[in-house]
Structures are given as structure tokens and as C-alpha cells.
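Structural characterization, general
The chain contents come next:
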Amino acid sequence: MLFRKSLIHEMSWVALAVFIVVLLLVMTTQIVRFLGQAAVGSLASGAVWAMMGFTSIRYLPTLLSLMLFAAVLSVMMRMWRDNEMVIWFASGRSVRSFIAPVLEFAVPIVILIALLSLFVSPWAMKKGDEFRKESLSRQEVTQVAPGVFRESAGSDRVYFVENFGEGATGSNVFVQIRREDKTSVILAQRGGLTLGADGERWLWLGDGRAYSGAPGSEEYEILNFQKATLLVEQDTRSATSTSTRSMQSTELWASPTLEHQAELAWRMGLPISALILSLAAVPMAFFNPRGGRAFNLLFAAFLYFFYYNCINLGQVWIATGKVPVWLGMWPLHGVALGITVWMYRWRSRLRSAK
């Protein structure tokens, strides 16, 4: 009882400290990202903190997985460093005796990771996208001040809106686009910004005229239109689209689309990998106090990020059809579990030999 309680108690406090640190790191990087998006107009300024909340919920499964692995590894390495492992082994314990308390500590967190990954994170993704669209629709063409010329982030477009009416619709819109050796100038009586289903931004224009030609040339084209759309920015951050990542897991399960099945396999892979890595942290924590622990830390960090990157790679392979849906990521998890079992047997033989 003392063995179990002391181990779980220490891992709980270490896990809390690790979670606070990694959460602050993620929130810091995300606030910088959102402020940058607000500066270039792809996010309304009033939506920054709300998006921070939705993003934090979205990243919780990954953060909890990292917290679980780091907590078990840190506690076990401290026990080796302070020679507590020698005392437990002398009292009849073995490396396999740590499996039960580690599982008792890890299983509730793994269940929480599964619930967050399968249900809560997609909900936060969907609500975040809806809030972003709603805030942009209320914002004055994403912070473009009336009567002020604004240049795009790529410095290839210039926007100007004379004033704003109801519904954040601009009037007397001017757009200049530079493409290779041609320059296009668009004049429209009204316009505004909308977001697509996959996170791309579109500029819609109504009742306008476009002039296109090479600078210095007397030849140019004129196009009159009643309604037109212009792609402003496209979201290409992930192998799966934003709409897929915001779908509920029950919808993904019923869909035969490869992209949907790849997203479902990725969500299921997070809790499975968290459980396997928490068990693998026990034999990986072994080190010789005289030789230092740098190698063990580097090996553990490499194994964790390699496993996580393999899950992302497996998602891409399933989405592109390189790996059958029925096979999924199960071979990857099977290999990881096999390596974990081998490490336990290896450490047990080392203790027996001594």
C-alpha cells in the first residue's frame, strides 16, 4: 500500500506541474499567432481571447499525453537517481511491479484523453470556426479602417474601403492585385469578407469593374460584373480540412471517405499512444547514477516525438490511400507495444543477472 500510494502521489504532483508549464507554453505561442492574425485582418481583434479558449481545449489531448509520459518518466528517473529503486528491489519488488500503480495513475487520464480527442476537441474546433466567422462578419471588413489603404501580408494586394454600411458591408471598394507582369485594379460599389468551410478567406464584390494589363502598356482588359469572389487566403496547415477536423467522431465512423477515416484513426491513436508511452517510461527511466541521465532523456524524448510523428504520418497515408483503412495505425501501435514489452523483459533480465 505504501509503495502504491507514494508512487501515485508523487506522479500526480509532477503531472500537475508539467501540465501547467506546457499549457503556458502553448498559450504563449498561440496568443502570438492570434495577435499576428488579428494584425493582418484574418481574425477579429475581439475574438482573440475566445479563440484562445477554444484552441486550448483543442490541444488538451496532446498536452495531457505529454504530461502523462513526462510525469511517469520524471518520477522513475528520480527514484533511480536517489537509489530508491535499489530499496524497492531489495524488498522484493521488480520492474514489472510498477505496472499496476502506473496503470492506476494513467488509465483515468487516458480515458480523459479519449473523451477529449473523440468528442470535446472536435466540438471546440467547430465552435471556434463558427465564432471566427461570426466575429469577422461583425467586424468592419477585418479591421480595414474606412478611407485607409491596407496592404496584404504578401505585399501583392492593396485594399481600400470608403465607408461601411449595415452588416459590415463596405461601399466603394478598391482592390489592386499584382501578378507577375500584370496588374489588376478592381472597383466595386460594395464588398465584404467571408470564410469558407475549410478556413479559406474570400472577398466578395458586387456591381464593379475590373481593369487588367501590364504597367506602361496601352493594352488592357475591362470586365464588368455584378458579383464576384476573390480568394484572399487559403488554409493549408493540415492533411485534413478544417471541416473534417470539426466533425463528430460518430459522423467520421459512418463515413467511407478516406480523409474522414484518417481523422478518426488519428483521434483514436492519441489515447492508445498515451497508454503505451506511460508504460514504456518505466523501463526507459533506468540509468546508472554514475554515468548521468542525459542519454536516457534524449532517448525518451526521441521515442515520444517519433511515435507522435508516426501517428501524423499514418494519418496522411490513410487519407491518401497508401494504407488500407481496415489496417489503419494498428501495426504502429503493435510495434510500440512490442518494444515496450521487450524493454520490460530486458530490464528484468538485467536485474536477475545482478
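Every value quoted in this text rests on a predicted model; they were computed, and no experiment measured them. (Residues numbered from 1 in each chain as written. Predicted model: local features only at pLDDT ≥ 70, side-chain atom pairs only at ≥ 80, totals over all residues. Heavy atoms only, no water.)

**Some points on the pattern of salt bridges**
Under the criterion given, the structure shown has 8 salt bridges. Where Glu-263 meets Arg-267, a salt bridge forms, and the shortest distance between an N and an O atom there is 3.1 Å. Linking Glu-263 with Arg-267, this pair stays in helix H7 (residues 258-284), spanning 4 residues, or about one helical turn. Here Glu-263 and Arg-267 have matching classes, each one buried. One salt-bridge network, in which partners are shared between bridges, spans Glu-10, Arg-78, Arg-81, Asp-82 and Glu-84. (Salt bridge = Lys/Arg side-chain N within 4 Å of Asp/Glu carboxyl O. Helix = DSSP H or I, 4+ residues; strand = E, 2+ residues; numbered from the N terminus. Buried < 20%, exposed > 50% of the residue type's maximum accessible area, 1.4 Å probe, protein only.)

**With respect to the environment of Gly-53**
Looking at where Gly-53 falls in the secondary structure, it is placed in helix H2 (residues 48-81). For Gly-53, a relative accessible area of 32% corresponds to the partly exposed category.

**A look at a nonpolar patch on the surface**
Taken together, Val-107, Ile-111, Leu-115, Phe-119, Val-120 and Trp-123 make up a surface patch of nonpolar side chains, about 510 Å² in accessible area. By secondary structure assignment, the location of Ile-111 is in helix H4 (residues 99-138). Classification of Ile-111 as partly exposed rests on a relative accessible area of 49%. (Patch = residues over 30% accessible without salt bridge, like charges linked within 9 Å, V, L, I, M, F, W, Y side chains within 5 Å. Areas by Shrake-Rupley, 256 points an atom, 1.4 Å probe, with all protein chains shown as cover.)

**A look at the packing of aromatic side chains**
Using the criterion set out here, one finds 6 aromatic pairs in the structure. Seen in terms of ring centroids, Phe-54 and Trp-123 are 6.3 Å apart; in terms of plane orientation they differ by 70 degrees. Their pairing is edge-to-face. Of this pair, Phe-54 sits in helix H2 while Trp-123 is found in helix H4, placing the two residues 69 residues apart along the sequence. Its relative accessible area of 41% is what places Trp-123 among the partly exposed residues. With a centroid separation of 6.4 Å and an interplanar angle of 55 degrees, the aromatic rings of Phe-54 and Phe-131 are classed as tilted. Residue Phe-54 is found in helix H2, and its partner Phe-131 is found in helix H4; the two are separated by 77 residues along the sequence. For Phe-54, a relative accessible area of 18% gives the class buried. Taken together, the ring pairs connect Phe-54, Trp-123 and Phe-131 into an aromatic cluster. (Phe/Tyr/Trp six-rings, centres within 6.5 Å; stacked < 30°, edge-to-face > 60°.)

**Notes on empty space enclosed by the protein**
Scanning the entire structure with this criterion turns up 2 cavities of 30 Å³ or more. Here the second largest cavity defines a volume of roughly 40 Å³. The wall of the second largest cavity is formed by Ser-65, Ser-273, Leu-277, Tyr-304, Tyr-307, Tyr-308 and Ile-311. Contributions of two or more residues to the lining of the second largest cavity are made by H7 and helix H8 (294-320). Ranked by residues supplied to the lining of the second largest cavity, first place goes to H8 with 4 residues. Broken down by class, the residue content of the lining of the second largest cavity amounts to 5 nonpolar, 2 polar and no charged. (1 Å grid on protein atoms, 1.4 Å probe; cavity = no way out; pocket = protein on both sides within 12 Å on 5 of 7 lines; lining within 4 Å. Points joined across faces, edges and corners; volume = space filled by probe spheres on them. Nonpolar A, V, L, I, M, F, W, Y, C, P; charged D, E, K, R; others polar.)

**With respect to the side chain of His-260**
Position of His-260 relative to the elements: it lies in helix H7. Exposure remark for His-260: the relative accessible area of 15% places this residue in the buried category.

**Notes on unusual backbone geometry**
Positive phi outside glycine occurs at Asn-172, with the angle close to 55 degrees. Summarising the element assignment, Asn-172 is placed in strand E3 (residues 170-179). In this structure, Asp-207 takes a positive phi of about 55 degrees despite not being glycine. Relative to the assigned elements, Asp-207 resides in strand E5 (residues 201-213).

**Brief notes about the nonpolar core**
Counting residues in each nonpolar core, the largest one holds 61 residues, and the members touching the most others are Met-76 and Phe-98. Looking at this core, the elements that each hand over two or more residues are helix H1 (2-40), H2, helix H3 (84-90), H4, H7, H8 and helix H9 (330-353). Counting residues in hydrophobic clusters, the runner-up holds 12 residues, among them Val-161, Ile-186, Ala-188 and Leu-205. (Core = buried A, V, L, I, M, F, W, Y, C linked by side-chain atoms within 4.5 Å.)

**So, the packing of H2 against H7**
Between H2 and H7, whose axes approach to 8 Å, the crossing angle comes to 10 degrees. Between H2 and H7, the interaxial angle falls into the category roughly parallel. Taking contact as the criterion, the partners of Pro-61, Thr-62, Ser-65, Leu-68, Phe-69, Val-72, Leu-73 and Met-76 in H2 are, on H7, Leu-270, Ala-274, Leu-277, Ser-278, Ala-281, Val-282 and Met-284. Here the contact of H2 with H7 is built from residues that sort into 12 nonpolar, 3 polar and no charged. (Axes fitted to C-alpha atoms, helices over the stretch in contact; angles between N-to-C directions. Parallel < 35°, antiparallel > 145°, perpendicular 65-115°, else oblique. Contact = heavy atoms within 4.5 Å.)

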